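These are the residues of each chain, in order.
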Amino acid sequence: TRTPVNVTVTGAAGQIGYALLFRIASGHLLGADVPVKLRLLEIPQGLKAAEGTAMELDDAAFPLLRGIEITDDPNVAFDGANVALLVGARPRTKGMERGDLLEANGGIFKPQGKAINDHAADDIKVLVVGNPANTNALIARSAAPDVPADRFTAMTRLDHNRAIAQLAKRTGAAVADIKRVTIWGNHSATQYPDIFHAEVAGKNAAEVVNDEQWLAETFIPTVAKRGAAIIEARGASSAASAASAALDHVHTWVNGTADGDWTSMGIVSDGSYGVPEGLISSFPVTTKDGAFEIVQGLDINDFSRPRIDASVKELEEERDAVRGLGLI
Ligand code: NAI
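Since the model is a prediction, treat every value here as computed from it, not as a measurement.

Participant: Help me out: how do you make sense of unusual backbone geometry in this one?
Facilitator: The general pattern is negative phi for most residues beyond glycine and trans for most peptide bonds. Of the consecutive residues Asn-131 and Pro-132, the connecting peptide bond is found in the cis state with omega at -5°. Note on placement: Pro-132 falls in the loop between strand E5 (125–128) and helix H5 (133–142). Its identity is not glycine, yet Ala-61 carries a phi of approximately 50°, on the positive side. Inspection of the secondary structure puts Ala-61 in the loop between helix H2 (47–59) and strand E3 (65–71). The phi torsion at Tyr-273 lies on the positive side, around 55°, for a residue other than glycine. Within the secondary structure, Tyr-273 sits in the loop between strand E12 (263–268) and strand E13 (280–288).

Participant: Just checking my understanding: could you explain the domain arrangement of the chain for this structure?
Facilitator: Reports of interface size often rely on the accessible area that becomes lost once the parts have come together. Looking at the chain, the domain boundaries give domain 1 (5–154) and domain 2 (157–318). Each of domain 1 and domain 2 has a C-alpha centre, and the two are 23 Å apart. In this assembly, 31 residues from domain 1 lie in contact with 33 residues from domain 2. Regarding the contact of domain 1 and domain 2, the summed buried area is about 2400 Å², with carbon and sulfur atoms giving 64% of it.

Participant: How should I be thinking about the nonpolar core in this particular structure?
Facilitator: The nonpolar side chains of a soluble globular protein tend to be buried with one another. Judged by nonpolar contacts, the single largest core of 40 residues is most densely connected at Leu-167, Trp-184, Ile-195, Phe-219 and Phe-283. Looking at this core, the elements that each hand over two or more residues are helix H6 (157–171), strand E8 (182–184), helix H7 (205–209), helix H8 (212–224), E12, E13, strand E14 (291–294) and helix H11 (304–324). Sort the elements by how many residues they give to this core and H8 lands first, with five residues. Among the nonpolar cores identified, the runner-up in size contains 33 residues, and Val-9, Leu-57, Leu-85 and Ala-246 belong to it.

Participant: Please explain the side chain of Asn-134 as it appears in this structure.
Facilitator: Within the element layout of this structure, Asn-134 appears in helix H5. Judged by its relative accessible area of 1%, Asn-134 is buried. A distance of 3.1 Å separates the side chain of Asn-134 from the backbone nitrogen of His-187, its partner in a polar contact. In contact with Asn-134, not counting residues within four places along its chain, are Ala-154, Gly-185, Asn-186, His-187, Ile-280, Ser-281, Ser-282 and Leu-315.

Reading the values: the criteria
Residues numbered from 1 in each chain as written. Predicted model: local features only at pLDDT ≥ 70, side-chain atom pairs only at ≥ 80, totals over all residues. Heavy atoms only, no water. Helix = DSSP H or I, 4+ residues; strand = E, 2+ residues; numbered from the N terminus. Domains from an automatic or database assignment. Contact = heavy atoms within 4.5 Å. Buried area = accessible area lost by both parts, 1.4 Å probe. Core = buried A, V, L, I, M, F, W, Y, C linked by side-chain atoms within 4.5 Å. Buried < 20%, exposed > 50% of the residue type's maximum accessible area, 1.4 Å probe, protein only. Polar contact = N/O pair within 3.5 Å; in protein donor to acceptor, adjacent residues only side chain to side chain.

Here is the structure:
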């Protein structure tokens, strides 16, 4: 029998947490044969609701679920953690300036990064979901100097999955026939979903679509503004799809990308594709044996270059702002 993997989820009482925890417990994070122990981190006001969710998790009698602990102390939550899903964040409220938002999130992600640094297991893998995800990941990473920088990642898998879905709709192809889509840059409206290297049933996606106007005016804005469209339709932000993407992100990281395919992850830049070293930016990556590599050698055309640069510029501005606030 395998030793359970310790999985810490922050913001466990939130709407993504509610969609996420049941699927972690049923084996969708790591695999159908991997037992898990859950640690739920909440702020004091969220503890009671987290306890209610834990009661429901008990009631589902998941064979793989080997324990649930609930706490409002990051030092307890990340003790021995192998996987950490940082979902809880401070949302932007009306009239809030970007600096205030970054500062409020710094107050969350800096101590959590420090707690991960001091208490997590040596093989810790961190996924930041809470927005602004890339910059929150940068803050957490900076507070964890003893953890290898590549263990801190930010979620752009939801954007990646959205791009696949839109491309499938447009071409009539099955989702499973779409490969090598890339999200570049920030998980924000400036992100660039790139299909120039993507494949639809083995053929180049941009050639199959053959419509640059659709790319520029429909595809890119639909993917980039999908979050707002969901809020408009549902009256609440994406939760189940975000949870699903978080599971995909970690599952792919741990279990590897398929031959001939890649995924998109916000990771620490090594300077590839002109993205300044140290920024947490989304790249095309392959994964194997729990490690990932940026896909190298892609030709970036004149349509793509300014779009990647614009999103990276936004990331640099966010980095400079959190640096100015002393958060990194
Ligand atoms: P929510 O508001 O329903 O839940 C957030 C939970 O986090 C709350 O229960 C709150 O008490 C908790 N929390 C706040 N501060 C905390 C702290 N310091 N420690 C532990 N828990 C804390 O929000 P929802 O819908 O679950 O979304 C969570 C985050 O995910 C938001 O920041 C949202 O913008 C982001 N998101 C990111 C996506 C991505 O693609 N990267 C997609 C969708 C959402």
